[in-house]
Structures are given as C-alpha cells and as structure tokens.
Amino acid sequence: MRVSFIVNGASETADDVWEGESLLYVLRERMGLPGSKNACEQGECGSCTVYLDGTPVCACLVAAGQAEGRQVRTVEGLAEGDRLAPIQEAFVEAGAVQCGFCTPGLLVQAHDLIERRPDPSDAEIREALAGNLCRCTGYEKILDAVRLAARRKAAI
Amino acid sequence: MEFLQPATWEEALDAKAEHPGAVPIQGGTDVMVELNFDMRRPAVLLDLGRVTELTGWDPAGDRLRVGAGVPYATVIDALGDRLPGLAQAARTVGSPQIRNRGTVGGNLGAASPAGDSHPPLLAGDAVIEVESRRGIRMIAATDFYRGVKRSALEPDELIRAFWMAPAAGPQYFSKIGTRNAMVIAVCSFAIALYPEERRVGTGIGSAAPTPLRATAAEEFLARELDWDAPLDEAVAREFGALVAAAAAPIDDVRGTAGYRRHALSVMARRTLTWAWRDHLGGTGRSGRGAA
Ligand SMILES: Cc1cc2nc3c(=O)[nH]c(=O)nc-3n(C[C@H](O)[C@H](O)[C@H](O)COP(=O)(O)OP(=O)(O)OC[C@H]3O[C@@H](n4cnc5c(N)ncnc54)[C@H](O)[C@@H]3O)c2cc1C
Ligand code: FES
Ligand code: FES
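Quick caveat: nothing in here was measured; it's all calculated off a predicted structure. (Residues numbered from 1 in each chain as written. Chains lettered and ligands numbered in written order. Predicted model: local features only at pLDDT ≥ 70, side-chain atom pairs only at ≥ 80, totals over all residues. Heavy atoms only, no water.)

Draft legend 1. Spatial organisation of the overall build of chain A. The helix and strand inventory of chain A stands at 5 helices and 5 strands. In chain A, the succession of α and β elements from N to C terminus is β-β-α-β-β-β-α-α-α-α. Since a compact globule built from 156 residues should have a radius of gyration of about 15 Å, the 15 Å found for chain A is in line with a globular shape. Judged by the C-alpha coordinates and their principal axes, chain A covers about 45 × 30 × 25 Å. Counting every position in chain A, which comprises 156 residues, the buried fraction comes to 53%. Considering only residue pairs separated by 6 or more positions, chain A has 55% of its internal contacts joining residues 24 or more positions apart. Total accessible area computed for chain A in this model is approximately 7000 Å², and 46% of it derives from carbon and sulfur atoms. Averaging the locations of the 16 positively and 23 negatively charged side chains of chain A gives two centres separated by 5 Å. (Helix = DSSP H or I, 4+ residues; strand = E, 2+ residues; numbered from the N terminus. Rg over C-alpha atoms; globule rule 2.2 N^0.38 Å. Buried < 20%, exposed > 50% of the residue type's maximum accessible area, 1.4 Å probe, protein only. Contact = heavy atoms within 4.5 Å. Areas by Shrake-Rupley, 256 points an atom, 1.4 Å probe, with all protein chains shown as cover. Lys, Arg positive; Asp, Glu negative; His and termini not counted. Charge placed at Lys NZ, Arg CZ, Asp CG, Glu CD.)

Draft legend 2. A look at the nonpolar core. One finds A:Phe5, A:Leu23, A:Leu27, B:Leu121 and B:Phe162 to be the most contacted residues of the largest nonpolar core, which totals 73 residues. Non-local contacts of B:Leu121, meaning those with residues more than four positions away in its chain, are made with B:Leu86, B:Val104, B:Leu108, B:Ala126, B:Ala141, B:Tyr145, B:Phe162 and B:Met164. (Core = buried A, V, L, I, M, F, W, Y, C linked by side-chain atoms within 4.5 Å.)

Draft legend 3. The arrangement of the side chain of B:Thr103 in detail. Residues and elements named next belong to chain B. Examined against the element boundaries, Thr-103 turns out to sit in the loop between helix 5 (96-101) and helix 6 (104-110). Residue classification places Thr-103 among the buried positions, given a relative accessible area of 6%. Among the polar contacts made by the side chain of Thr-103, one reaches the side chain of Gln-26 at a distance of 2.8 Å. A polar contact is formed between the side chain of Thr-103 and the backbone nitrogen of Gly-106, at a distance of 2.9 Å. (Polar contact = N/O pair within 3.5 Å; in protein donor to acceptor, adjacent residues only side chain to side chain.)

Draft legend 4. Looking closely at the packing of aromatic side chains. Residues and elements named next belong to chain B. For the coordinates displayed, the defined rule picks out 4 aromatic pairs over all chains. Aromatic pair Phe-144 and Tyr-145: ring centres 5.6 Å apart, planes at 90 degrees, arrangement edge-to-face. Here Phe-144 falls in the buried class, since its relative accessible area comes to 0%. Over the face of the ring belonging to Trp-9 we find Arg-160, whose NZ or CZ atom lies 5.8 Å from the ring centre. (Phe/Tyr/Trp six-rings, centres within 6.5 Å; stacked < 30°, edge-to-face > 60°. Lys NZ or Arg CZ within 6 Å of the ring centre and 35° of its normal.)

Draft legend 5. Representation of the interface of chain B and chain A. In this assembly, 29 residues from chain B lie in contact with 34 residues from chain A. Both sides of the chain B and chain A interface together cover about 2300 Å² of buried area, and 56% of this is carbon and sulfur. When the buried area of chain B at its contact with chain A is split by residue, B:Phe3, B:Gln97 and B:Arg101 rank highest and sum to 25% of it. The interface formed by chain B and chain A contains 1 salt bridge. Viewed at the interface, chain A and chain B are joined by 13 residue pairs in polar contact (both at pLDDT 80 or more). Mapped onto the side of chain B that touches chain A, the elements with two or more residues apiece are strand 1 (2-4), helix 2 (31-36), strand 3 (44-47) and helix 5 of chain B. Per-element accounting of the side of chain B that touches chain A gives the leading share, 6 residues, to helix 5 of chain B. (Buried area = accessible area lost by both parts, 1.4 Å probe. Salt bridge = Lys/Arg side-chain N within 4 Å of Asp/Glu carboxyl O.)

Draft legend 6. View of the domain arrangement of chain A. Residues and elements named next belong to chain A. The domain boundaries assigned to chain A delineate domain 1 (3-74) and domain 2 (86-155). Each of domain 1 and domain 2 has a C-alpha centre, and these two points are 22 Å apart. Taken together, the contacts link 15 residues of domain 1 with 12 residues of domain 2. A per-residue breakdown of the area domain 1 buries against domain 2 is headed by Lys-37, Thr-49 and Tyr-51, which together make up 39% of the total. Linking domain 1 with domain 2 are 0 salt bridges, by the criterion used here. (Domains from an automatic or database assignment.)

Draft legend 7. Broad picture of the sheet that holds strand 4 (residues 55-58) of chain A. Residue and element names in this part refer to chain A. Taking strand neighbours across the sheet as the criterion, the 5 strands line up as 2-1-5-3-4 in an open arrangement whose pairing is mixed. Each edge of the open sheet is held by one strand with a lone partner, namely strand 2 (10-14) and strand 4. Across this sheet, the average inter-strand angle for adjacent strands is 40 degrees, counted without regard to direction. Both strand 3 (residues 49-52) and strand 4 contribute to a ladder of 4 bridges, which runs antiparallel. Counted as the bridge partner of Leu-52 is Thr-55 from strand 4. Contacting strand 1 (3-7), strand 2, strand 3 and strand 5 (71-73), helix 1 (residues 23-30) runs over the sheet at an angle of about 80 degrees to strand 1. Helix-sheet contacts for helix 3 (residues 103-116) involve strand 3, strand 4 and strand 5, and the interaxial angle to strand 3 is about 45 degrees. (Pairing = 2+ DSSP bridges. Axes fitted to C-alpha atoms, helices over the stretch in contact; angles between N-to-C directions.)

Listed below in structure tokens is the structure:
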C-alpha cells in the first residue's frame, strides 16, 4: 500500500509498503532516514523513539498505515539547519555519546522531557528515560547532559 | 494482508462484521511485537486509531464511560483523580513511550493474566462494553476473563469502553517485578474501599490463568472490619492469607508459585493498611505510587 505523512516538516510518500510494516522500517528503509535505530523491535530499548503528532513513541510499534497523514519528527528533525538543538549540544559536551546507538532515541525522549518540564528533578529524568537502554555509558553522563540542557534552556 | 482504517465506530463495526478474523490494532504495543516477530500473520489488520469515539470519556450516570482507545498516559493525567487505582497501575506499565500508545482496551483485548489494568478493573467493579452488529453487551470484568489470553469477546465484537464509578474511597495497586520500570508483573494486587457500603473490592493479577477477584477475602472483610476503628492486625493478616489462597499460581521464569502466594499475602496486607490509613485520615483519596 501507499503511505504518506509529514516527516520533519516535509511531506513524504512510500509505495509498496507491506500492511504490517512498522513506521520505523518505513523511515529507515524507504525514506532514507536512518537516524532512528532498530535494535529490539519490541518496545524494550527506545532507540527508535520518534515524535508522532508531538508525542514520543516507539516507531517499531506503530504500523506504517497508522502514521498516514500524521506528523512525524525524528532525530534528524531536532536541529534547526546547522544549529544543533540544545539537547544535542549538551550530549556532545557532556560526553553522553559513546557508540551512539542509543543516542537518537534518547535525544528525542529527552527533548520532549525538557519541553514539558523546564526544570526536571533527577527522579523525573530517570523516569522519562526509563524506556531507553544504553549499553555503553552507564547513564551518568546522559543524566549530566539532560541537566545541562535543561539549565541552558531555563537560562534563555 | 489488508489494512482497514475505519473513520468512525459504525464503520469499525461494519468492518469487523465483514471480517471477523481481522485483528484490531490500537496502540500496537502488543500487536506490532507479534507482527515484527512473525508470531502472527492476520489476513486483515483493523486500525482503530482514527475512531475518535474510542479516545474520549464521559460521565454516564454515576459512573465514567472510558473509551477503549484512551492511552495510559491520559488515564494517569486526566482520570487519575477519579480512577486512582487504575492510574497507579497505568504508571507501572512499560515506559513513557509505551504509556503514550498502549491502551486499557488493548490490555483487555490481549487479556493476558499479567495485564496491569485487570486488577484495578476487578476491584473497581468495572463493566466492559462490547459491541457488534448484533448489539451491545455489558460484561462485568469478573466475567470477561476466560483463560490465558482468552476473553468473553466474540469474533465479530469490538471493545467500545469500560464503565467504572469514580473512587468511592481509597484505592491502591501494587506490583512485584524485578525492577521499577519495564517489567511484566510477577504478580500484582489491587484494592478498592467502599466505605459507604462497608465493603472492599479486590483484584489479583498474574497469579492464575486469569485475573480474578479474591471473593472469600472480600466476604471476610465485609464481615470482620470495624469501619470506625484502627485496622486490626490479625484481620489484615487473615485477609492476606485469604487473598493468597484465592490465587492459583504456577512456577515460571518470573517466579515460583510459592513466591507468588507469599508476595500476594504481603501486598494484600500492605495495600489494605495504606487504604485504611487514608480511610481513617478521611482523605478518601490515595496518593501513593505502586510498590
Ligand atoms: C516494552 C513493553 C512493555 C510493556 N509493559 C507492560 C506492562 O508493564 N503492563 C502491561 O499490562 N502490559 C505491558 N505491555 C503490553 C501492552 O503495552 C499492553 O497490553 C497494552 O495495554 C496494549 O494496548 P495497545 O493499545 O497497545 O494494544 P494493541 O497492541 O493495539 O492490541 C492488543 C490486543 O487487543 C486487541 N484489541 C485492541 N483494541 C481492541 C478493541 N477496541 N476491541 C477488541 N480488541 C482490541 C488487539 O487485536 C490485540 O489482540 C508492554 C508492552 C511492551 C511492548
Ligand atoms: S527498536 Fe523500537 S524500542 Fe527497540
Ligand atoms: S552510547 Fe552505546 S548504547 Fe548508548
């Protein structure tokens, strides 16, 4: 079937989509957006997290057809042109990226957190990121990055 | 495979009547896992995501009628004051991403004995509204669960809503898992106090082929509780023992039957103690998160 939706502000269409295919597969394999990562395909790791109509979801658990006509925002759509989003800058500066596999999902999820909660407590950060697994960093630097981005956002 | 996307509830009922084998999909947090892992290849996928009737809720007499497609995040944010037991359970489901998509209707559709909605629905006297072209059926939660991942739903029926009264008294949910996030319950327990009626509702999860009420334990409390006095510890302990006795747990990868029975008796005693503290404190509302 054919599926069309808005991705990072631009209208995109994919043809010959299998009816049971996930939004993640369509983004990565048909729309050339490999930022969202495919690791578990069962909602456990969060590395495929994207915004669907403004709400963070696991793209691996959304059927492509369910996204028809909707707004999708992926990690590729967080930066404004060449300017990284504050959360992306903070990840780089805090050393929160090692292999980088978990990073796109964490960025989208953390981006949503600091949009909704300008000054999150540590407990709120942990709660918000509970569905995103990282095998490398031990999470401490990720927490540092989120705190840094939140502080900067509050200062603007 | 066919992908059907009805725009209204009426269209959805037509589609299900025409394709009784169609697999409904709402949040997809159960269905997509099965598709991704080749565990299921339905001929027809019926996306209910456009059916706006399913994502709302309204007062219906003295109860709330909550659409099957309301996600956990909304249960927590918008309904948590009126359905605190269910909201506590919803807070323990998966991760934020899962709670943004997963729904109570999907939990009912899957009918897993470990589903976290079920104990608070049982304790809260919930009724499930299902519909097909043949008509509407109102099924008490106690009659809805029929076996491991089997429910009273007929092939041509869809779940429209669940009906539940706003909390008449304190409600609590407790769940045992290996960590705080992303765990399927080893076992779980929900309690709801009805101070006016001088009775207590219960729900047990993940400790029998179906979620179930601990009826003998409820009857015991209706008989023994002195609603104006501090909780008698012996009564609380006996309540725990009766809840454990109501379960029919098995040994599996998540825990042994013996462990489950023991954990249930502890959760029953504790949740009753918390609820009683609120009851005597007169707040009538529970504020505490799940254990
Ligand atoms: C990572 C992860 C963690 C999870 N953690 C938990 C947890 O902690 N606790 C828990 O209880 N569950 C958990 N789940 C399971 C799942 O999220 C829940 O069962 C959820 O409630 C399913 O809702 P859904 O809308 O996503 O259902 P879907 O996947 O859309 O559907 C589930 C089932 O219900 C049927 N169905 C859906 N809507 C209807 C309808 N209106 N009428 C008839 N049938 C219908 C479907 O055909 C399917 O069989 C988890 C899942 C994942 C992937
Ligand atoms: S790939 Fe989607 S959650 Fe892991
Ligand atoms: S940086 Fe490697 S998984 Fe997180």
